[in-house]
Amino acid sequence: MKRLKLSRVVLGISMLCFLCSVSPATAKAAPDGSQKKDGSTVIAYYFHGDYRCYNCMTIEQYSKEAIEKYFSAQLKNGKLTFEVINIDQPENTNFVKAYQLYTRTLIIAEFKNGKQVRWTSLTKIWDYIKDRDAFYNYVKAETEKALKGM
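The text that follows walks through the structure, step by step, so that each part is easy to find. (Residues numbered from 1 in each chain as written. Predicted model: local features only at pLDDT ≥ 70, side-chain atom pairs only at ≥ 80, totals over all residues. Heavy atoms only, no water.)

When you go through the protein chain residue by residue, the secondary structure sums to six helices and four strands. Element order for the protein chain, N to C, with α for helix and β for strand: α-α-β-α-α-β-α-β-β-α. Counting the 150 residues in the protein chain, one finds 41% classified as buried. Only carbon and sulfur atoms are counted for the fraction: they give 53% of the accessible area of the protein chain, which is about 8900 Å². (Helix = DSSP H or I, 4+ residues; strand = E, 2+ residues; numbered from the N terminus. Buried < 20%, exposed > 50% of the residue type's maximum accessible area, 1.4 Å probe, protein only. Areas by Shrake-Rupley, 256 points an atom, 1.4 Å probe, with all protein chains shown as cover.)

Written as structure tokens, this is what we have:
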């Protein structure tokens, strides 16, 4: 029994070390080449899988709408981009590891000079799925925090 617990601890530490060494910035740091002149940008990633339930579609829709509603200028000037990524596609598995994804979610990632400096998982989107205004306000507040850090 102790040996099994020790094996799990060693496996957990190994996984943690691996996850820390993987960076989504190396996978897709400069989508479309759209970055501010100083190399700073924020990317809002919505991650989904092959199977798309009603809630998953709603989260994508609300996320996109909120970002377009409140950040149209930043979307136009390249300071902010919105990307929808299917994590069930083999070329996107690096995101699962790097962002520790376990469900469909919205991640706000900050990049400076092509390197990721910070990211936030907006886990409360599931709490606000039945309240569009609360959902929008949450996405707006978290995106504003990221943009202010640039």
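Looking now at the packing of aromatic side chains. Counted under the stated rule, the structure contains 10 aromatic pairs. Between phenylalanine 47 and phenylalanine 95 the ring centres are 5.3 Å apart and the planes differ by 45 degrees, which places this aromatic pair in the tilted class. Highlighted residues: phenylalanine 47 in strand β1 (residues 41-48) and phenylalanine 95 in helix α5 (residues 93-98), separated in sequence by 48 residues. Judged by relative accessible area, which is 0%, phenylalanine 47 ranks as buried. Phenylalanine 95 gets classed as buried once you look at its relative accessible area, which sits at 1%. Their ring planes at 15 degrees and their centres at 6.3 Å tell us that phenylalanine 95 and tyrosine 99 sit as a pair that is stacked. (Phe/Tyr/Trp six-rings, centres within 6.5 Å; stacked < 30°, edge-to-face > 60°.)

For glutamine 100, which is not glycine, the phi dihedral falls at a positive 50 degrees. Relative to the helices and strands, glutamine 100 is located in the loop between α5 and β3 (105-112). In this structure, asparagine 113 is a non-glycine residue whose phi angle is positive, near 50 degrees. Here asparagine 113 shows up in the loop between β3 and β4 (115-121).

It is worth spelling out the environment of isoleucine 43 at this point. For isoleucine 43, the location among the structural elements is in strand β1. Given the relative accessible area of 0%, isoleucine 43 is considered buried. For the pair isoleucine 43 and phenylalanine 111, spaced 68 residues apart in sequence, the C-alpha separation works out to 7.9 Å.

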